[in-house]
Amino acid sequence: MGKPGITLRLMRACRWLAMAGALITSSAARAEDAPDFHLDLDTGGHTARIADLAFTPDGEDVVSASDDKTIRIWDWQSGVTLRTIRGYLGNGSDGKIFAVTVSPDGKTIAAGGYFGAGLGDKPPYGDIRLFDFATGKMKAVLKAADYATYDLAFSPDGKILAAGGGDGIVYLWRLDDKSATGWTLDKKLDADSWHIDKLAFAAAGTRLAATTTDNGIRLWDVAKGDEIALPADTEPLRDVSVLALAISQDGSLFATGSKDGQVQLWRAADGTLVRAMPKQDFLIGSLTFAKGSRLVASCGYRCADKHRSVVWNTDSGEKLLDYSGHDGTVYASAANAGGSLVATAGGTRNAIQVWDPATGERKALLQGVGEPVTAIGIDPANGIIAWGNANPCPERVACPEQLGALDKRLELPTTERFFDDPQPLTEPASFARAALSDGEWSLHATVGGKDALENAVLEIANGGKVVRSIENDAINGFAHSAFTLIDNGLGLITGGNDGTLLEYKAATARVSGEFTGHTGEINAMVASEKAGLLVTGSADQTVRLWNLKTHELIVSMFFAGSQWIAWMPQGYYYSSDEGDKLIGWHVNQDRDHEGRFIRAGQLKKYLWSPEMVRRAIILRSAKQAVQEMRPGVDNELQKLLQRKPPEFGIRLADDQSKVRDGYVAVEITGTKEAGADVAGFSILSNSRNVGDIATRSVDGNKTTVEVPVEDGQNTIRITGINEYGYLTERSVTALARKTEKAEAKGKLYVAVIGVDKYPFLTDACSGHACDLRYPVDDATEFLKVVAQKSAPLFSSMETLVLVNREALDESPDKAQQTYTVASADNIMEPDSHTIDDQLADFLDRPGEHDTTIVFVAGHGINIDEDYYFIPTDGRKQDADRWKRSSLVDWGDVQKSVERAKGMRFMLLDTCHAANAFNPRLEKDAQDARIVVFSATAANNTAAELPELGHGVFTYSILEGLRGKAKTSDGGVTLFGLADFISHEVVRLTASKQKPFYYVGGVENIVLAEP
């Protein structure tokens, strides 16, 4: 049949995109307008539809390709991603990967997809990218197809690579050592179609089968390049989209699956029909043959909670089992070489499940840590948002009118309060939800469009009569997946299942604005005129806050268990301790090279800014927050990302024979390349700081380091920092060799700082003097208890005491107790100069086997984004401004503690005022693997109860160390103390004060004798 022009070709391509699962966005931007850097989630799994799967030839790994524009290589048995491969990431569809296949020798991954700047605007965008399996580096780009590539297949001998896609042509590439790419285009096979969806080699590589969405199926003789005429049984398939294809284990059969639920078996030699399997009432999303004449057919649309994957016996047509492990559509499947295992990909969390097709037993679950956000609410009066993740209607395809359950809440920051951690929701009834009706206006979604998609049409009614309707298609989101009325019913906002989010005038159904940011289906939303916010939740697993009037994206949030992160479009962010490992920047090199990924935590020095994020939410504008707090730094992120982070790898050395007892040898590879930028490596072994490696030997491009370890499992982390402030962390696990001789006890270094007296601040604390009652008592009593209960666990104890002598001498008995631990000559005033100098010198003394404890009690203050400890000589320039030179920059204290070798502890009783909380204290310490105990979490103040004689936090520490936190005969352990402090502070303050502690990644050591 003749082929129509390019215009019709593009129209048909657009229509297929809408039909095939409604998952592919058509919005795009020209390459010259696309940014070089894209903020992206990395949750440990895919965040969008998984389009293709492949087992490696040895069956050890699974390779997956996704609309999230990444390829992941999974060790399916351990459930972790070994490597994430990124190509060029553009706007809209640019960069989506539809097909992936692994060469028979396991060395090459071929990927095809939509690799261009616009739909039909500037072809080609059907290039094939070849990646090295071992490194993820791009080896070559094969250029021939103008339009998107939808499937790829290697011949069984690996000498031919077939590709087919949006122009109806199959391209056969042949291995060629003389070609610059290693491949030469050998043949073009015309499928007489506008859209080849799947293709595969059969009959030992002598046949090539293909399915199309508009003109049935095709079969070729590969050697001759001739099309094999198919029998009349194939004719009905010309009128239905054929979306699935599989080859039997012996290659003698191929199976096809279509949009209307038909599954048929064909002989690979001549295309004759063998059998029609029972017709299904769902679109066939994928097909895979498995061992024992088994065929797995998976549901690709209209699945609800009834259909996922069906396993048939192809000899008899009998159904053997249903596999219902996924909770949604399945578009990709694959079997290992022997067919004993099947991998299927899909569901609401874009999960890969590996299972036994004989028994239905699941062997592995491969997915990220996030979940789709399916419900959203807001309490505008109290500034609280809420969300939920449960499917509100698992028995239906979609239900935008059914609002899901809320189960988590977050207090948004205000001028009076800081961020707090997300909390379980106990009172969902107080939250506003999407407004489906308002006065005479109402909204209702119904079936529509050429493919009769659920909710493709949004009806706008007034007084019960439909006055307007909005039909979604590939341009505006395919379907209406969530919507709400605004402005007393005069306007509405509707979200599509590709992330499109549009505002309309209700009376005219004309677009009046767009909210750009989501990359997945909009599942829920709520608008609040009072708060000036639109809050949305999406299948892309994020909650987003928008300025309702300006449509500006203010902040995006991602929550996964105890970890979370909130970030602005400009890159500034606030997160939990590990939250900034979940997002980063994809940095494009160019279209013919793999991209780089820079995690947010690697740029923490510049971009970790809780106050910036807080200010953006308060102002309802991220742009205004940046202009206010960091004027003139609009291009800072772009400049940073043009630099490269230090790149190196670590591994346990093969030869451990000459290593000292109690140590392991670790090799740092790539040091030659990294060394030009890296100022020094820091090494942590089970959170014990080993120090830098500046004096250690280097052999060529390999540095060998001997790292001290403890009995049992040890996590060794090596961090490189370059001149641009980039951090790169690598880790390896080692099992220590037990030694007969006991390990020598290290020293205990204890520094205490307590400030009661503020002679220059007579009216600076809300018009009153800033003097405190207990910090000196807190510091000296802590020193005494540590000397009694902890020091005996060490070889010796050294001290640094910085307290007000005047306050100490007011209590002669306590002064005498302190002098028995620390010499009177070594007790110094806690002024700014002394704290800076003495603390830095003291913390340079511990060795890698030693333990350091720093205790600080007194006032702290935030100034802009920085935190300061107020020493005894702290002062103000005027009523509104502090004299910074008189304060102690906490960043300097932090660096000194980080530099200390061995195990490090920080106990901070510094947050006595509401404005004194600053999360940088905790975050920096957590990243340096320092154990932190802090008097307060966000939005708390530290209490001082006269009957205790101490601040509540310090009192709880003292009581715990004295024995009340003892959980075993061995004494008071770290975890036991942490738990005791947490419960005791809450009890003593009637839940008004909640302490903070971080003990992650640290052994549960004994801190005090029984």
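Above this text sits the structure in question.
The following refers to the structure shown. Please read all numbers here as calculations on a predicted model, not as lab measurements.

### Here we look at the overall build of the protein
Alright, step 1. Looking only at helices and strands, one finds 14 helices and 71 strands in the protein.
Alright, step 2. A globule of 1010 residues ought to have a C-alpha radius of gyration of about 30 Å, and the protein, at 32 Å, matches this closely.
Alright, step 3. The C-alpha extent of the protein, read off along each of the three principal axes, is 105 × 80 × 50 Å.
Alright, step 4. A total of 1010 residues make up the protein; the buried ones form 59% of that total.
Alright, step 5. Summed over its atoms, the accessible surface of the protein is roughly 39400 Å², and 47% of this surface lies on carbon and sulfur atoms.

### Quick notes on the packing of aromatic side chains
Given two aromatic rings, one states the distance between the centres and the angle between the planes to describe the pair.
Alright, step 1. One pass over the full model with this rule turns up 17 aromatic pairs.
Alright, step 2. Measuring from centroid to centroid gives 5.7 Å for Tyr-574 and Trp-608, while their planes differ by 70°, and the two rings are edge-to-face. Here Trp-608 lies in the loop between α2 (604-607) and α3 (610-619) and Tyr-574 lies in strand β47 (residues 573-575), a separation of 34 residues in the sequence.
Alright, step 3. Judged by relative accessible area, Trp-608 falls into the buried class, the value being 1%.

### Structural notes on helix α7 (residues 775-789)
Alright, step 1. Over its 15 residues, α7 extends 21 Å from the first C-alpha to the last, a length consistent with the 21 Å expected when each residue adds 1.5 Å.
Alright, step 2. For α7, the buried fraction is high: twelve of the 15 residues fall into the buried class.
Alright, step 3. Three or more residues of α7 are buried, namely Pro-775, Val-776, Asp-777, Asp-778, Ala-779, Thr-780, Glu-781, Phe-782, Leu-783, Val-785, Val-786 and Lys-789.

### Notes on the nonpolar core
Alright, step 1. By size, the foremost hydrophobic cluster in this structure holds 53 residues, and its most contacted members are Ile-385, Leu-545 and Met-557.
Alright, step 2. Top contributing element to this core by residue count: strand β45 (residues 553-560), with six residues.
Alright, step 3. Setting aside residues no more than four positions away along its own chain, Ile-385 makes contact with Gly-377, Ile-378, Lys-408, Arg-409, Leu-410, Leu-412, Phe-431, Val-535, Val-543, Leu-545 and Met-557.
Alright, step 4. In terms of nonpolar packing, the next biggest core, distinct from the first, is built from 47 residues, Ala-807, Ala-822, Ile-827 and Leu-977 among them.

### Concerning the pairing of strand β59 (residues 797-803)
Alright, step 1. Counted residue by residue, β59 has five buried out of seven residues, so it is predominantly covered.
Alright, step 2. As judged from the seven bridges shared by strand β58 (residues 748-754) and β59, these two strands associate in the parallel manner. Across the sheet, the residue bridging to Val-752 is Val-801, located in β59.
Alright, step 3. Each parallel crossover has a hand, and for β58 linked through α7 to β59 it is right-handed.
Alright, step 4. Pairing of β59 with strand β60 (residues 827-828) involves two bridges; the strand directions are parallel. In the sheet register, Val-801 faces β60, and the bridge partner there is Ile-827.

### Here we look at the pattern of salt bridges
Alright, step 1. Throughout the structure, instances matching the rule amount to 40 salt bridges.
Alright, step 2. Put simply, Arg-396 and Glu-401 hold a salt bridge, and the shortest N to O gap is 3.0 Å.
Alright, step 3. For Arg-396, a relative accessible area of 34% gives the class partly exposed.
Alright, step 4. Under the relative-accessibility criterion, Glu-401 is labelled partly exposed at 38%.
Alright, step 5. For Arg-884, the salt bridge identified is with Asp-866, shortest N-O distance 3.9 Å.

### Observations concerning the state of the cysteines
Two cysteines form a disulfide when their sulfur atoms are joined by a covalent bond.
Alright, step 1. Under the counting rule described, the total for this entry stands at three disulfides.
Alright, step 2. Between the sulfur atoms of Cys-765 and its disulfide mate Cys-770 the distance is 2.0 Å. On the sign convention where negative is left-handed, the bridge of Cys-765 and Cys-770, at about 110° about the S-S bond, is right-handed.
Alright, step 3. For Cys-770, a relative accessible area of 3% corresponds to the buried category.
Alright, step 4. In the protein, numbering the disulfide-bonded cysteines from first to last in sequence yields the connectivity 1-2, 3-4, 5-6.

### Some details on the sheet that holds strand β25 (residues 319-323)
Alright, step 1. What the four strands build is an open sheet, ordered β22-β23-β24-β25; its pairing is antiparallel. Looking at strand neighbours, the two that pair on one side only are β22 (283-290) and β25, the edges of this open sheet. Neighbour to neighbour, the strand axes of the sheet diverge by 20° on average, direction disregarded.
Alright, step 2. With seven bridges joining them, β22 and strand β23 (residues 294-301) adopt antiparallel strand pairing.

### Quick word on the sheet that holds β45
Alright, step 1. Strand order in the open sheet formed by six strands is β42-β43-β44-β45-β46-β47, and the pairing between neighbours is antiparallel. Two strands lie at the open edges of the sheet, namely β42 (522-528) and β47, each paired on one side alone. The mean inter-strand angle of the sheet, taken between neighbouring strand axes irrespective of direction, is 15°.
Alright, step 2. Across five bridges, strand β43 (residues 533-538) lies against strand β44 (residues 542-547) in antiparallel orientation. Note that in β44 the partner of Leu-534 across the bridge is Trp-546.
Alright, step 3. In the packing of α3 onto the sheet, contacts are made with β44, β45, β46 (563-567) and β47, and the angle to β45 comes to roughly 120°.

### Brief notes about the side chain of Ser-309
Alright, step 1. Note on placement: Ser-309 falls in strand β24 (residues 309-313).
Alright, step 2. A polar contact of 2.8 Å, which involves the side chain of Ser-309, links it to the side chain of Ser-298.
Alright, step 3. Not counting residues up to four positions away in its chain, the partners in contact with Ser-309 are Val-296, Ala-297, Ser-298, Leu-321, Asp-322, Tyr-323, Thr-344 and Trp-355.

### Regarding the environment of Phe-282
Alright, step 1. Summarising the element assignment, Phe-282 is placed in the loop between β21 (273-276) and β22.
Alright, step 2. Taking relative accessible area as the criterion, Phe-282 reaches 2% and is therefore assigned buried.
Alright, step 3. In the structure, Phe-282 is positioned 22 residues away from Ala-304 in sequence and 9.7 Å away in space, judged by C-alpha atoms.

Reading guide: rules and limits
Residues numbered from 1 in each chain as written. Predicted model: local features only at pLDDT ≥ 70, side-chain atom pairs only at ≥ 80, totals over all residues. Heavy atoms only, no water. Helix = DSSP H or I, 4+ residues; strand = E, 2+ residues; numbered from the N terminus. Rg over C-alpha atoms; globule rule 2.2 N^0.38 Å. Buried < 20%, exposed > 50% of the residue type's maximum accessible area, 1.4 Å probe, protein only. Areas by Shrake-Rupley, 256 points an atom, 1.4 Å probe, with all protein chains shown as cover. Phe/Tyr/Trp six-rings, centres within 6.5 Å; stacked < 30°, edge-to-face > 60°. Expected span 1.5 Å × (residues − 1). Core = buried A, V, L, I, M, F, W, Y, C linked by side-chain atoms within 4.5 Å. Contact = heavy atoms within 4.5 Å. Pairing = 2+ DSSP bridges. Right-handed = clockwise from strand over helix to strand, strands pointing away. Salt bridge = Lys/Arg side-chain N within 4 Å of Asp/Glu carboxyl O. Disulfide = S-S within 2.5 Å. Axes fitted to C-alpha atoms, helices over the stretch in contact; angles between N-to-C directions. Polar contact = N/O pair within 3.5 Å; in protein donor to acceptor, adjacent residues only side chain to side chain.

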